[in-house]
Amino acid sequence: MIEIENVSKAYGRSVVVDGVTLTLPSRGITSIIGPNGAGKSTLLSMVSRLLPMDRGHVRVDGLDIADAASDVLARRLSILRQDNSISVRLTVRELVTFGRYPHSKGRPTAADREHVERALGYLGLDGLADRFLDELSGGQRQRAFVAMVLCQDTDYMLLDEPLNNLDMKHAVSMMQLLRGAADEFGKTVVLVLHDINFASCYSDHIVAMRDGRVIHQGSPEALIRPDVLAEIYDLDIAVETIGGRPIGIYYLGSGSARRQQMPGPNG
Amino acid sequence: MARHRPTIVLVLLSLLALAAMAAFMTVGAKGQWSFVLPFRGIRLAALLLVAYAVAVSTVLFQTITNNRILTPSIMGFDALYILIQTVVVFAFGSAHLASLGPNVLFVVEVAVMVAFSALLYRWLLSGDVRGLHLLLLVGVIFGALFRSLSNLMQRMIDPLDFAVLQDRFFASFNTVHSEILGMAGLAVVAVSVAGWRLFRTFDVLALGRENAINLGLEHRRLISVVLVLVTILVSVSTALVGPVTFFGLLVANLAYQLAGSPRHGVVLPVAILLAVICLVGGQIVLQHLFAFDTALSVVIEFLGGITFILLLLSRTRR
Ligand SMILES: Nc1ncnc2c1ncn2[C@@H]1O[C@H](COP(=O)(O)OP(=O)(O)O)[C@@H](O)[C@H]1O
Ligand SMILES: [Mg+2]
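This one's a predicted model, so the numbers in the text were calculated from it and none came from an experiment.

Caption draft 1: Quick look at the overall build of chain B. On a plain count of helices and strands, chain B comes out with 12 helices and 0 strands. When its helices and strands are written in sequence order, chain B yields α-α-α-α-α-α-α-α-α-α-α-α. A buried classification covers 53% of the 318 residues belonging to chain B. Taking as baseline every contact in chain B between residues at least 6 positions apart, the subset at least 24 positions apart corresponds to 76%.

Next comes the structure, spelled out in structure tokens:
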């Protein structure tokens, strides 16, 4: 369980995370949704101790991240950031092997190497393992970074927009992979998503943020509703039930959606 | 082939470095060996210490700052050391200093240097000053400031004191300060032992702050420790041969190119060997082939300066 208690962060005068209190349940997938600039990445960075918070506490399994030893936390919790750039020129396999560092402390054993190969396989990177990261497409690089996080084999995985740059097929298989990690290995996955329909189809719990606050949370059925979505995104989103899941139709935007609903004066 | 490349490079460079050292000890020796060998041996030892200190300090500095352009000397570290030397002379006067002896003085200077640079550069590298170009600018300004302050104070010192201490300020490859060789060697060994215990973290630190923390490093503490090690190494090389601005940049970037692996287990030894080859080999070539006695630092700075400009250009183009 991750307990977030009254966490705040401000840059100068602008408060970007504003007293967030939130409990993220163990096991299963929690998606965080919300418009750009809502403070999702900032919150995730603070929970994963990458960014100092101005106020508040975060506890992971009861361990306060402010006092806990960094290497102990690294075996419990891992994070994929939204922007990953590395100044060193690494191959995919070298990068993924770093995911084992918290366990191997730089001397990977045979078991560590097995972990690496398995993670490469899960993300369909077998054929790319010896390529340099700067020789990959954006989506392939994104998968390499996710493989590194997977390799770290922590109970908690925080992923900031893991579907960035992925095509539909790879996005679906990434979500299935995470679903499998939650169901079969009891992992706790927390991810930031922009596609509300992925959130709807794959999460156990959805948290909606806006202007640095949590404004809604609950099951997909409770969150993926026109009135709730309008409040989160300032956008009229029709919701249809397809295959038993609420699916938001947002491609047409408010203007055209309204035009369809309300025929013109002569129509 | 690609897998064996680091080994091949290391073996070749080791042979070259050994050849350079052997040549340095023997080529053109006139007179008695019992005189020539110790005399040259001391100079060689000093050059080796400098090569090691510059190579290791530059690579580690670039590792903790995640870039390949900034180096301790470009950021004004050695100018700071010269300033501290000057202040110490200024404050005590030459009579006092002579009684203290060069070793005590060296230790005092290194201690002051570590304290100051810890404050100054930790702030600078804490992430408040963002962007490579801004950091570079601040470093250049610091360097200029330290140098002007040193010059000013050197002018204000009693001319007699100055005459006595002049050679301390103007150490160079040809007027090596060998009287502190023992102490400098000791400092380098101490740094190496401390560095050895952190060795496995270097590759992770190179991935950047966020990745290092995610992988469980105590990033802040490690950066501070490495910065202290770097500072001591810079002090050693500056005390022995004076400031060399672009030498570190040259060997570090050559090492990244040649090593064929970003691992510090490869890059650090390659950088050290390259530095030895440049300094010792360069000295022989210039001295015996071209009969230039003073040109080594000029040549090295020239090549290093060109490397610096090329690196800056290739960055802006990207
Ligand atoms: N280093 C920073 N300095 C100033 N403002 C920042 C900084 N980082 C983020 N912000 C601001 O904080 C707000 C929240 O950012 P972020 O957490 O990245 O949003 P999200 O991930 O939800 O899109 C944004 O308005 C952004 O401009
Ligand atoms: Mg974000």
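Caption draft 2: Layout of the sheet that holds strand β10 (residues 213–218) of chain A. Residues and elements named next belong to chain A. In spatial order, the strands read β6-β7-β8-β3-β9-β10; together these 6 strands make up an open sheet with mixed pairing. For this open sheet the edge positions go to β6 (77–80) and β10, each flanked by a neighbour on one side alone. Each strand axis lies, on average, 15° off the axis of its neighbour in the sheet, ignoring direction. Against the sheet, helix α1 (residues 40–47) touches β3 (28–33), β6, β7 (156–160), β8 (188–192) and β9 (205–210), its axis set at about 150° to β7. Seen against the sheet, helix α6 (residues 138–152) touches β6 and β7 and runs at an angle of roughly 175° to β6.

Caption draft 3: Layout of empty space enclosed by the protein. Residues and elements named next belong to chain B. Counted according to the given criterion, the structure contains 4 cavities of 30 Å³ or more. Estimated volume of the largest cavity: approximately 160 Å³. Counting only elements with at least two residues in the lining of the largest cavity, the list comes to α2 (33–65) and α11 (264–289). Looking at the lining of the largest cavity residue by residue, the class counts come to 6 nonpolar, 6 polar and 1 charged. Considered as a void within the structure, the second largest cavity measures approximately 90 Å³ in volume. Val-54, Ser-57, Thr-58, Pro-72, Ser-73, Asp-78, Val-234, Ser-237, Thr-238, Val-244 and Gly-248 are the residues that line the second largest cavity. Sorting the residues of the lining of the second largest cavity by element identifies α2 and α9 (219–241) as the ones contributing at least two each. Here the lining of the second largest cavity is composed, by residue class, of 4 nonpolar, 6 polar and 1 charged.

Caption draft 4: Examining the packing of helix α1 (residues 5–26) of chain B against α11 of chain B more closely. Residues and elements named next belong to chain B. Interhelical geometry of α1 versus α11 gives an angle of 30° and a closest axis separation of 9 Å. Here α1 is positioned roughly parallel relative to α11, judged by the angle of their axes. Handedness of the crossing formed by α1 with α11: left-handed. Between α1, through Pro-6, Val-9, Leu-10, Leu-13, Ser-14, Leu-16, Ala-17, Ala-20, Met-21, Ala-23 and Phe-24, and α11, the contact on the second element is made entirely by Val-266, Pro-269, Val-270, Leu-273, Leu-274, Val-276, Ile-277, Val-280, Gly-281, Gln-283 and Ile-284. Here the residues of the contact of α1 with α11 sort into 19 nonpolar, 3 polar and no charged.

Caption draft 5: Inspection of the layout of surface pockets at higher detail. All names here are of chain A. The volume enclosed by the second largest pocket comes to roughly 290 Å³. What lines the second largest pocket is a set of 15 residues, among which Tyr-122, Leu-150, Asp-153, Phe-185 and Lys-187 lie closest to the centre. Sort the elements by how many residues they give to the lining of the second largest pocket and helix α7 (residues 168–185) lands first, with 5 residues. When grouped by side-chain class, the residues that make up the lining of the second largest pocket number 8 nonpolar, 3 polar and 4 charged.

Caption draft 6: Summary view of the site of ligand 1. Residue and element names in this part refer to chain A. Taken together, the neighbourhood of ligand 1 is formed by Tyr-11, Val-16, Pro-35, Asn-36, Gly-37, Ala-38, Gly-39, Lys-40, Ser-41 and Thr-42. For ligand 1, an oxygen atom lies 3.1 Å from a polar atom in the backbone of Ala-38. Gly-39 has a polar backbone atom sitting 3.0 Å from an oxygen atom of ligand 1. Notes on ligand 1: free accessible area 570 Å², of which the protein chains cover 58%.

Caption draft 7: Here's a closer look at the environment of Arg-107 of chain A. With respect to the element layout, Arg-107 of chain A can be found in the loop between α4 (101–104) and α5 (110–122). Not counting chain neighbours up to four residues away, the residues in contact with Arg-107 of chain A comprise Asp-112 of chain A together with Arg-200 of chain B.

Caption draft 8: Structural context of α6 of chain A. Residues and elements named next belong to chain A. In a regular helix each residue adds 1.5 Å, so 15 residues correspond to 21 Å; α6 covers 22 Å between its end C-alpha atoms and thus fits that length. Among the 15 residues in α6, 12 count as buried, and that is most of the element. Residues Gly-139, Gln-142, Arg-143, Ala-144, Phe-145, Val-146, Ala-147, Met-148, Val-149, Leu-150, Cys-151 and Gln-152 constitute the buried set of α6. Asp-153 sits one or two residues past α6 and shows a positive phi near 55°.

Caption draft 9: Broad picture of the interface of chain A and chain B. Taken residue by residue, the interface counts 26 residues in chain A and 17 residues in chain B. On the chain A side of the interface with chain B, the three residues burying the most area are Leu-50, Phe-98 and Tyr-101 of chain A, jointly 29% of the side's total. Here chain A is connected to chain B by 1 salt bridge. The residue Glu-210 of chain B makes a salt bridge to Arg-81 of chain A at a minimum N-O spacing of 3.8 Å. Seen at the junction of chain A and chain B, the total is 7 residue pairs in polar contact (both at pLDDT 80 or more). For the side of chain A that touches chain B, the secondary-structure elements that each account for two or more residues are α2 (70–74), β6, α3 (92–98), α4 and α6 of chain A. Of the residues belonging to the side of chain A that touches chain B, the class tally is 13 nonpolar, 6 polar and 7 charged.

Caption draft 10: Main features of a nonpolar patch on the surface. Together, Val-299, Phe-302, Leu-303, Ile-306, Ile-309, Leu-310 and Leu-313 of chain B make up an exposed nonpolar region whose accessible area comes to about 640 Å². Tracing the backbone through its elements, the reader meets Ile-309 of chain B in helix α12 (residues 296–317).

Caption draft 11: Looking closely at the pairing of strand β11 (residues 238–242) of chain A. Residue and element names in this part refer to chain A. As paired elements, β11 and strand β12 (residues 245–249) share 5 bridges and run antiparallel to each other. Residue pairing in the sheet places Val-239 in a bridge with Gly-248 of β12. The hairpin turn running from β11 into β12, its antiparallel successor, is 2 residues long, and Gly-243 in that turn takes a positive phi close to 60°.

Caption draft 12: Here's a closer look at the pattern of salt bridges. Residue and element names in this part refer to chain A. Counting across every chain of the model gives 19 salt bridges over all chains. Note that Glu-135 is salt-bridged to Arg-89, the shortest N-O span being 3.4 Å. Within this pair, whereas Glu-135 is found in the loop between α5 and α6, its partner Arg-89 is found in the loop between β6 and α3, the two being separated by 46 residues in sequence. Take Glu-135: its relative accessible area is 39%, and that puts it in the partly exposed class. What makes Arg-89 partly exposed here is its relative accessible area of 41%. Here Arg-179 and Asp-183 are joined by a salt bridge, their closest N and O atoms 2.9 Å apart. Linking Arg-179 with Asp-183, this pair stays in helix α7, spanning 4 residues, or about one helical turn. Given a relative accessible area of 51%, Asp-183 falls into the exposed group. Salt bridges linked by common partners bring Asp-71, Arg-75 and Lys-105 together as one network.

The rules behind each value
Residues numbered from 1 in each chain as written. Chains lettered and ligands numbered in written order. Predicted model: local features only at pLDDT ≥ 70, side-chain atom pairs only at ≥ 80, totals over all residues. Heavy atoms only, no water. Helix = DSSP H or I, 4+ residues; strand = E, 2+ residues; numbered from the N terminus. Buried < 20%, exposed > 50% of the residue type's maximum accessible area, 1.4 Å probe, protein only. Contact = heavy atoms within 4.5 Å. Pairing = 2+ DSSP bridges. Axes fitted to C-alpha atoms, helices over the stretch in contact; angles between N-to-C directions. 1 Å grid on protein atoms, 1.4 Å probe; cavity = no way out; pocket = protein on both sides within 12 Å on 5 of 7 lines; lining within 4 Å. Points joined across faces, edges and corners; volume = space filled by probe spheres on them. Nonpolar A, V, L, I, M, F, W, Y, C, P; charged D, E, K, R; others polar. Parallel < 35°, antiparallel > 145°, perpendicular 65-115°, else oblique. Left-handed = near helix turned anticlockwise from the far one by under 90°. Near = heavy atom within 4 Å. Polar contact = N/O pair within 3.5 Å; in protein donor to acceptor, adjacent residues only side chain to side chain. Areas by Shrake-Rupley, 256 points an atom, 1.4 Å probe, with all protein chains shown as cover. Expected span 1.5 Å × (residues − 1). Buried area = accessible area lost by both parts, 1.4 Å probe. Salt bridge = Lys/Arg side-chain N within 4 Å of Asp/Glu carboxyl O. Patch = residues over 30% accessible without salt bridge, like charges linked within 9 Å, V, L, I, M, F, W, Y side chains within 5 Å.

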